[in-house]
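# Structural characterization, general
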Amino acid sequence: MIPTIRVCAGVALGVLAAGCATSAGMRLGPEDGGCPDRAAAASGGAVTWYGPAGPGDEQSNERWCETVGSNVLEAFPRASFPSPGPSDSVAVVAWNILIGGGDVPLFLEEVLGYDCHPTSPELDAGFSHFVLLIQEAYRRSEAIPDVPELFKFPPRIEPESPPEGWLDIVELARDCGLALFYVPSARNGPQTIEAEREDKGNAILSTLPLTDLLAIELPFEAGRKVVVAATIAGASGTRLRVASVHLDVASTLYRTLTTANTTRLRQAVGLIEALALIERGGVTSGIVSVGSRETSCGDLPGPIATVAAGDFNTWSAGESAVDQMRLCFPDSPPWDGKPTYGSFPTDFIFFRRAGDGRVSYLDGSQRRIEKRYGSDHQARIAWFGRSE
Amino acid sequence: MRYLTHLLVAVCCISFPAWAPGGAGEAQAQETSGSAGAAIGGAALGAASGVMLGVTASLIPCSKTLSQLTCARASTLSAGLIGLGSGTLVGAWDSGRLGSAAKGAAIGLGAGAAVGFVLKEVVRQYGWLDVLSTGAIGMSIGAQPEGAVLGLGAGVFVGSILWLTVPSFGLPDLAAAGLIGVAAGGLAAWVFDAVEANATEGDGVTIPFSFRI
């Protein structure tokens, strides 16, 4: 009887003790280590990196980072688009494309009026500029590092019926003539002998040039997640920062128990802390106790209008991660009550205006796209434009 | 956070004698009547079971508040204290009953760990700590299996009705209802055990508590 009691009491005390220790804090520029992207950033690359301040998070992210290839940046679209006019709006789409399973060209044609023919892409008359905030983009490349099998790779995800050609994100951007910013988070499966290696992550595809490029590594839970963000410019100097977000679906059971299931809240807080840090021009944010209402949204309204959208992997629309995002993105489109992944409301578009109030969400414009286009997620779309 | 540290120290102080060879021997020697060692062993088992039930029950409901951690701590501590108190009384008044709970906890620990081991082989990011975690959950249920199963049934029943009738009540809420049922049933069983142990109490015992905070 007593050995059992000892084990049980030990575990319970462990749960109690660890329950004190869920925190988040962010800082500029994670150590470069052996990760190629960070090394480039450290030597003055185009992308500014932010990451969690905690050493445990940093080490885990570093291990994963070493297994993926470098980011891909095509800051300017190859196709020629008309400059946006003062009264033009921009469509922002959040879509998890299931490792290329989502038929992006067909989506662009049917939803956004854009024919991404490889030789003569064309935006139909009457359709606006657009930005696609993509999750689960993938890239095939021999340049992805050859990593020892000792590393526990995430399992390979392969869509059941990929669209014709099954283009990776780099090929998609090239064929469609769009600007691209892609940062891989993790490998898509282990080493392959004959096929090229694959990695996956978040990406931004845009008809407008991308500037002020940011890669934000989130606090590590079950896997490495990197938010990619960039700024697009409209007419008369209006600017909109857009961020493609993908949070973890679940952590390990031990972490779930000892952090009171704050997996996604902690990552959302990490993103919010990083954005506050970026807008204030600081180097390190304070360490906040997650789940205790300590999170700082930064100065609201901030210096730049910001959209943060993507797959938050939430089980309900009332989850704390969603509430936290809404608190810090007070001008967000209201949720329409429609799930986007089976019966789960996983995908959201959050927005906050800048102090100048020049860019705003166009009321009533957010909607769920009913067709899945081969993905397991439905996309969300909303329009943003000059305030009246 | 300070109150949690204090409770942690208090639980350590209370359960420490049960971890020592003397306390273990004394508790094992008792069959039907209580003893100080059995009371302390009961406190440790009850607290451990209560903590695990409390934290498991809090996982989904508390994820719907921005004070998520505070909510989870409150649930865990409340359940832990109920388990602690009930376990102490069960041990003090009826160590035979405590022995049954400990035997069930051991079986639950083994069964939970076995499930955890299978998960570890299947789920990439799972490790030995997760095996221990499933074992601990199994232990908390195994200590009071009847209460936990009845609670699960009641929770799923109520949750199902709500799921069918309230549009905003989703599948995660149904799962939460089941987990809350397990915890409530397990804790209720601890309390009932303490009450029943009191009814069959023999000569009674003196419980030597000492707190150092």
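A quick note: this is a predicted structure, and the numbers were derived from the prediction, not measured.

## Things to note about the overall build of chain B
Along the backbone of chain B there are eight helices and zero strands. The order of helices and strands in chain B, counted from the N terminus, is α-α-α-α-α-α-α-α. A burial count over chain B gives 54% of its 213 residues as buried. Of the contacts formed within chain B by residues at least 6 apart in sequence, a portion of 75% connects residues at least 24 apart.

## Re the packing of helix H3 (residues 36-58) of chain B against helix H8 (residues 171-199) of chain B
Residue and element names in this part refer to chain B. The geometry of H3 relative to H8 is characterised by a closest axis approach of 8 Å and an angle of 160 degrees between their N-to-C directions. Put simply, H3 runs roughly antiparallel to H8. Considering the relative orientation of H3 and H8, their crossing is left-handed. Contact with H3, carried on its side by Gly46, Ser49, Gly50, Leu53, Gly54, Thr56 and Ala57, involves Leu179, Ile180, Val182, Ala183, Gly186, Leu187 and Trp190 of H8 and no other residues of that element.

## Quick word on the packing of helix H5 (residues 95-122) of chain B against helix H6 (residues 128-142) of chain B
Residues and elements named next belong to chain B. Axis separation between H5 and H6 bottoms out at 6 Å; the angle between their running directions is 150 degrees. The hand of the H5/H6 crossing is right-handed. When its residues are assigned to classes, the contact of H5 with H6 shows 13 nonpolar, nine polar and two charged.

## Some details on helix H7 (residues 145-165) of chain B
Residue and element names in this part refer to chain B. End to end, H7 covers 30 Å across 21 residues, agreeing with the expected 30 Å (1.5 Å per residue, within 8%). Residues of H7 that are buried include every one of Gly147, Ala148, Gly151, Leu152, Gly155 and Gly159, and no others. The arc that holds the buried residues of H7, viewed along the axis, is 130 degrees, so those residues lie on one side. The exposed residues of H7 that point more than 90 degrees off its buried face are Glu146, Leu164 and Thr165. Tucked inside the fold, the buried residues of H7 contact H6 and H8.

## Details of the nonpolar core
Residues and elements named next belong to chain A. Counting 152 residues, the largest nonpolar core has Val92, Ile204 and Val242 as the members making the most contacts within it. When sequence neighbours within four positions are dropped, the list of residues in contact with valine 242 reads Val92, Val131, Leu133, Ile204, Ala229, Ala230, Ile232 and Val307. Counting residues in hydrophobic clusters, the runner-up holds five residues, among them Cys35, Trp64, Cys65 and Ile144.

## Notes on the sheet that holds strand E11 (residues 211-217) of chain A
Residue and element names in this part refer to chain A. Pairing within the open sheet is mixed, and its seven strands lie in the order E2-E3-E11-E12-E13-E15-E16. Strands with a single pairing partner mark the edges of an open sheet, and in this sheet they are strand E2 (26-28) and strand E16 (347-352). Between one strand axis and the next, the sheet turns through 20 degrees on average, direction left out of account. Pairing geometry for strand E15 (residues 305-311) and E16, over six bridges, is antiparallel. Across the sheet, the residue bridging to valine 307 is phenylalanine 351, located in E16. Against the sheet, helix H7 (residues 263-280) engages E2, strand E3 (48-52), E11, strand E12 (226-233), strand E13 (239-246) and E15, with an angle of about 40 degrees to E2.

## Some thoughts on unusual backbone geometry
The general pattern is negative phi for most residues beyond glycine and trans for most peptide bonds. All names here are of chain A. In the segment running from leucine 300 into proline 301, the intervening peptide bond is cis, with an omega of -5 degrees. Look at isoleucine 99: it is not a glycine, yet its phi comes out positive at around 50 degrees. Along the chain, isoleucine 99 turns up in the loop between strand E5 (89-96) and helix H4 (104-112). Looking at isoleucine 99, the number of C-beta atoms within 10 Å reads 22, which means it is buried. One non-glycine residue with positive phi stands out, namely tyrosine 373, at about 55 degrees. Among the secondary structure elements, tyrosine 373 is positioned in the loop between strand E18 (367-368) and strand E19 (380-386). Given 22 C-beta atoms within 10 Å, tyrosine 373 falls into the buried group.

## Re the environment of Ser87(A)
For Ser87(A), the position within the fold is in the loop between strand E4 (72-74) and E5. As for Ser87(A) and Arg241(A), which are separated by 154 residues in sequence, their C-alpha atoms are 18 Å apart.

## Let's talk about the pairing of strand E9 (residues 179-187) of chain A
Residues and elements named next belong to chain A. Of all nine residues that make up E9, eight are buried, and the element is covered over most of its length. Across three bridges, E4 lies against E9 in antiparallel orientation. Considered in E9, the bridge of valine 72 is made with tyrosine 182.

## Side note on the environment of Arg353(A)
Residue and element names in this part refer to chain A. For arginine 353, the location among the structural elements is in the loop between E16 and strand E17 (359-361). Remark: the alpha-carbon pair of arginine 353 and glycine 51, spanning 302 residues in sequence, is separated by 24 Å. Discounting residues that sit within four places of it in the chain, arginine 353 has contacts with Pro301, Ala305, Asp331, Val359 and Ser360.

## Remarks on the pairing of E11(A)
All names here are of chain A. Here E11 lies mainly inside the structure; five of its seven residues are buried. Note: E3 against E11, three bridges, orientation parallel. From the neighbouring strand, tyrosine 50 faces E11, where its bridge partner is isoleucine 216. In this structure, E11 lies alongside E12, joined through five bridges in antiparallel fashion. Looking at E12, one finds that glutamate 217 is bridged to valine 226.

## Examining the environment of Ala177(B)
Residues and elements named next belong to chain B. By the element assignment, alanine 177 lies in helix H8. Judged by local crowding, alanine 177 falls into the buried class, with 24 C-beta atoms found within 10 Å. Taking the C-alpha atoms as reference points, alanine 177 and glycine 155, 22 residues apart in sequence, are found 4.9 Å from one another.

Analysis parameters
Residues numbered from 1 in each chain as written. Chains lettered and ligands numbered in written order. Predicted model: local features only at pLDDT ≥ 70, side-chain atom pairs only at ≥ 80, totals over all residues. Helix = DSSP H or I, 4+ residues; strand = E, 2+ residues; numbered from the N terminus. Buried ≥ 20, exposed ≤ 12 C-beta atoms within 10 Å, placed from the backbone. Contact = placed C-beta atoms within 7 Å. Axes fitted to C-alpha atoms, helices over the stretch in contact; angles between N-to-C directions. Parallel < 35°, antiparallel > 145°, perpendicular 65-115°, else oblique. Left-handed = near helix turned anticlockwise from the far one by under 90°. Nonpolar A, V, L, I, M, F, W, Y, C, P; charged D, E, K, R; others polar. Expected span 1.5 Å × (residues − 1). Arc of directions from axis to C-beta. Core = buried A, V, L, I, M, F, W, Y, C linked by C-beta atoms within 7 Å. Pairing = 2+ DSSP bridges.

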